[in-house]
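Coordinates in review
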Amino acid sequence: MKSYDVAIIGSGPGGYVAAIRCAQLGMKTAIIEKYSTLGGTCLNVGCIPSKALLSSSHHYEEATKHFEDHGIEIPGDIKVNLEKMIGRKQAVVDQTTGGIDFLMKKNNIDVFEGLGSFIDATHIKIEGKDAQEIEAKKVIIATGSKPSNLPFISLDKERIITSTEALKLKEVPKHLIIIGGGVIGLELGQVYRRLGAEVTVIEYMDRIIPTMDAGLSKELNKVFKKAKCKMMLSHKVQSVERKGDEVVVKAENKKGEVVEFKGDYCLVSVGRKPYTEGLNLEAAGVKMNDRGQVEVNEHLQTSTSNIYAIGDVIKGAMLAHKAEEEGTFVAETIAGQKPHIDYNLIPGVVYTWPEVAAVGKTEEELKADNVAYKVGQFPFRALGRARASGDIEGFVKILADKTTDEVLGVHMIGARCADLIAEAVVSMEYRASAEDISRMSHAHPTFAEAVKEAALAATDNRALHV
Ligand code: FAD
Ligand code: NAD
């Protein structure tokens, strides 16, 4: 029987990063993955393929709607070849997952393909291609998550689908009905809207992306409405039925009326749930909480002391970079170091266009905590760089402590915000004040100048360009 210092179950961004860090720290490391490709949800059916389709559909939209503004004329029709677009997406995925194979080899990590389950706290059975039993002093559970569903919906994965199927459709839907105005619904909704589908978003709450700052929800809702998406807020879905090639969705509005929607595809994107099926956690004494997550303490240690858990399978934001930080954290903890994660500083990004990004506290959270704060906001339309490229929608909003001026939250919507948010994370990591940011030189002309201007506005309302 092969014996390891650490065995990791699941090869998503949590698992594979944990494996690399364990190997870097001198541990003999194994990783077990039930699928034939490494990288988990993120690389195979999540972050990477969705961003590939967002990029392709963005190019199409630019070519059909905006090239002309720039004086670029394309003779004849511009057409979408969906098969090719999906093929390119798959090539990007294959290249990226292949990169993880390389990293495992480079770091001398043993990869086992098969379903991992606990025999006891230090022994794992692998069923599948590399079937065998292995022994490990420490185990890291990194089994991720799966799409959630509503109890009354039967997902046929053809017309009533999850994100996994939405990433490989064979045709552009005529009318895509999306249940859930969260990250997945909006990112994939925008992809298919750009490609020509009619899109209806049905959201239970009174705003889309409801966990983000309300200002961002409002601005992004405007963008979707401008693109002629139907945004049905405060609608509670009651039933979803397939009738041949048609899908009929019924939802109750605030007035208690039942509204019917007819489309040819329905994407169910109402969140994801932790995945622990087949792990046989009981055999290792690992406890779960009432939300179906593996229960962990502040060291990300489970109820069995040599077993840790990270990523989507435990509490917290279901984000790839959160899983990665936890992978590093556990590897270093096992090595006897004292790592730290500041969960308040894990940024959240929605990769629509304009992009939406945030870190720290929202206005709603600061109000609930009775924190006195001030707001500095700056619109992209006042930036030279934004006008030069034609990306004038959105703003940067900085929330700072009213007394100390410390930055407490940064919320932005606009071009390249997914990258701009890094400046906010760095600033908050070093506990910068709004004035600190406002006194740093930002290259001109850049989108980043909106961050400086918002900081100036927060300092004492002295933005320069509005
Ligand atoms: P996962 O990536 O889910 O990996 C878990 C792995 O464990 C899987 O490969 C699974 O097969 C394997 N596994 C499970 N059980 C076993 C077992 N018993 N034996 C062996 N192997 C097992 N996050 C972002 O930060 N940015 C984004 O842009 C983004 N976009 C997304 C888009 C979509 C459409 C989706 C669905 C998700 C997106 N996410 C994004 C979320 C992100 O994918 C997850 O937060 C991230 O993948 C979680 O990583 P993880 O390592 O915890 O688990
Ligand atoms: P989500 O939690 O972002 O959004 C789900 C939405 O569905 C919410 O707005 C919720 O109010 C709504 N909803 C729930 N029940 C409903 C009902 N019965 N009727 C109508 N609406 C309902 O979940 P998601 O979009 O499915 O994404 C799952 C996870 O994947 C998220 O946690 C997210 O962090 C992650 N993800 C991240 C990214 C990114 O970082 N860019 C992209 C995609 C997915």
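Residues numbered from 1 in each chain as written. Chains lettered and ligands numbered in written order. Predicted model: local features only at pLDDT ≥ 70, side-chain atom pairs only at ≥ 80, totals over all residues. Heavy atoms only, no water.

Looking at an unreviewed UniProt entry, the protein chain carries the name Dihydrolipoyl dehydrogenase, with the source organism given as Winogradskyella arenosi. The UniProt entry for the protein chain carries this comment under Sequence similarities (unreviewed entry): "Belongs to the class-I pyridine nucleotide-disulfide oxidoreductase family." (UniProt positions renumbered as here; feature names shortened; annotations may be inferred.)

1. Remarks on the nonpolar core
Residues Met104, Phe118, Ile124, Ile134, Ile140 and Ile141 are the most contacted members of the largest nonpolar core, which totals 52 residues. Setting aside chain neighbours within four positions, we find Ile124 in contact with Ala7, Ile9, Ile32, Gly116, Ser117, Phe118, Ile119, Gln132, Glu133, Ile134 and Val139. Formed by 36 residues, the second largest nonpolar core is a distinct cluster that contains Tyr60, Leu167, Leu169 and Cys229. (Core = buried A, V, L, I, M, F, W, Y, C linked by side-chain atoms within 4.5 Å. Buried < 20%, exposed > 50% of the residue type's maximum accessible area, 1.4 Å probe, protein only. Contact = heavy atoms within 4.5 Å.)

2. Focus: the site of ligand 1
In the vicinity of ligand 1 lie 39 residues, with Glu33, Thr41, Lys51, Gly116 and Ala320 positioned nearest. One of the backbone nitrogen or oxygen atoms of Ala320 is found 2.8 Å away from an oxygen atom of ligand 1. Measuring from an oxygen atom of ligand 1, one finds a side-chain N or O atom of His321 at 3.3 Å. Look at ligand 1: alone it shows 1,000 Å² of surface, and the protein chains cover 95% of it. (Near = heavy atom within 4 Å. Polar contact = N/O pair within 3.5 Å; in protein donor to acceptor, adjacent residues only side chain to side chain. Areas by Shrake-Rupley, 256 points an atom, 1.4 Å probe, with all protein chains shown as cover.)

3. Examining the UniProt feature "binding site: NAD(+)" (unreviewed entry) in the protein chain
UniProt feature "binding site: NAD(+)" (unreviewed entry): in the numbering of this structure it lies at Gly180, Gly181, Gly182, Val183, Ile184, Gly185, Leu186, Glu187, Glu203 and Gly271. Taken along the chain, the residues just named run across 92 residues; in space they keep tight, none of their C-alpha pairs more than 14.4 Å apart. When only the residues just named are considered, the largest cavity is lined by Ile184 and Gly271. Secondary-structure assignment places Gly180 in the loop between strand S9 (175-179) and helix H6 (183-194). (1 Å grid on protein atoms, 1.4 Å probe; cavity = no way out; pocket = protein on both sides within 12 Å on 5 of 7 lines; lining within 4 Å. Helix = DSSP H or I, 4+ residues; strand = E, 2+ residues; numbered from the N terminus.)

4. Some thoughts on the layout of surface pockets
What the second largest pocket holds in volume is close to 630 Å³. What lines the second largest pocket is a set of 24 residues, among which Glu61, His66, Lys226, Trp353 and Glu393 lie closest to the centre. Secondary-structure elements contributing two or more residues to the lining of the second largest pocket are helix H3 (47-66), H6 and helix H7 (214-226). With five residues, H3 is the single largest residue contributor to the lining of the second largest pocket. For the lining of the second largest pocket, the per-class residue count stands at eight nonpolar, seven polar and nine charged. (Points joined across faces, edges and corners; volume = space filled by probe spheres on them. Nonpolar A, V, L, I, M, F, W, Y, C, P; charged D, E, K, R; others polar.)

5. Description of unusual backbone geometry
Pro354 follows Trp353 through a cis peptide bond whose omega is 0°. Turning to its location among the elements, Pro354 is positioned in the loop between strand S18 (348-350) and strand S19 (355-360). Note that the residue after His444, namely Pro445, is joined by a cis bond; omega there is -5°. Within the secondary structure layout, Pro445 lies in the loop between helix H13 (434-438) and helix H14 (449-460). In this structure, Lys157 is a non-glycine residue whose phi angle is positive, near 65°.

6. Side note on the domain arrangement of the protein chain
Assigned domains within the protein chain: domain 1 (2-147 + 273-341), domain 2 (160-270) and domain 3 (345-460). Listed as interface residues are 17 residues of domain 1 and, on the opposing side, 15 residues of domain 2. Counting each side, the surface lost to burial between domain 1 and domain 2 is near 1,300 Å², with a carbon and sulfur contribution of 69%. When the area that domain 1 buries against domain 2 is broken down by residue, the three leading residues are Val45, Leu54 and Leu82, summing to 35%. The interface formed by domain 1 and domain 2 includes two salt bridges. Between Glu61 and Arg194 there is a salt bridge, with the nearest N and O atoms lying 3.8 Å from each other. (Domains from an automatic or database assignment. Buried area = accessible area lost by both parts, 1.4 Å probe. Salt bridge = Lys/Arg side-chain N within 4 Å of Asp/Glu carboxyl O.)

7. Concerning the site of ligand 2
If you check the shell around ligand 2, you find 21 residues, and the closest are Ile184, Glu187, Glu203, Gly271 and Val349. At 2.8 Å, a backbone N or O of Gly271 approaches an oxygen atom of ligand 2. Separating an oxygen atom of ligand 2 from a backbone N or O atom of Met318 is a distance of 3.1 Å. Protein chains shield 78% of the accessible area of ligand 2, which is 840 Å² for the free molecule. Looking at which element gives the most residues to the shell around ligand 2, the answer is H6, with three residues. Each residue belonging to the shell around ligand 2 can be placed in one class, and the counts come to 13 nonpolar, five polar and three charged.

8. Let's talk about the UniProt feature "active site" (unreviewed entry) in the protein chain
Mapped onto the present numbering, the UniProt feature "active site" (unreviewed entry) falls on His444. Within the secondary structure layout, His444 lies in the loop between H13 and H14. Accessibility expressed as a relative area gives 63% for His444, which makes it exposed.

9. Focus: the packing of helix H1 (residues 13-24) against helix H9 (residues 320-334)
H9 packs onto H1 with a crossing angle of 30° between their chain directions and a minimal axis gap of 7 Å. In terms of their interaxial angle, H1 and H9 are classed as roughly parallel. Crossing of H1 over H9 shows right-handed handedness. Side by side, H1 and H9 meet where Pro13, Gly14, Val17, Ala18, Arg21 and Cys22 of the first sit next to Ala320, Ala323, Glu324, Gly327, Thr328, Ala331 and Glu332 of the second. Classifying every residue of the contact of H1 with H9 gives seven nonpolar, three polar and three charged. (Axes fitted to C-alpha atoms, helices over the stretch in contact; angles between N-to-C directions. Parallel < 35°, antiparallel > 145°, perpendicular 65-115°, else oblique. Left-handed = near helix turned anticlockwise from the far one by under 90°.)

10. Quick notes on the pairing of strand S10 (residues 198-202)
Regular strands show a simple pattern: their side chains alternate between the two faces of the sheet. Buried residues dominate S10, accounting for four of its five residues. As judged from the five bridges shared by S9 and S10, these two strands associate in the parallel manner. Bridge pairing in S10 places Leu176 opposite Val199. The parallel pair S9 and S10, bridged by H6, forms a crossover whose chirality is right-handed. Sheet analysis places S10 next to strand S11 (residues 230-232), joined by three bridges and oriented parallel. Residue pairing across strands places Ile202 opposite Met232, the latter belonging to S11. (Pairing = 2+ DSSP bridges. Right-handed = clockwise from strand over helix to strand, strands pointing away.)

11. Topic: the sheet that holds strand S8 (residues 160-161)
Either a parallel or an antiparallel arrangement is found when strands of a sheet pair, and the pairing is made through backbone hydrogen bonds. The five strands are arranged S8-S15-S9-S10-S11 in an open sheet whose pairing can be described as parallel. The sheet is open, and its two borders are formed by S8 and S11, each paired with just one other strand. Sitting on the sheet, H6 is in contact with S9, S10, S11 and strand S15 (265-268), with an inclination near 165° to S10.

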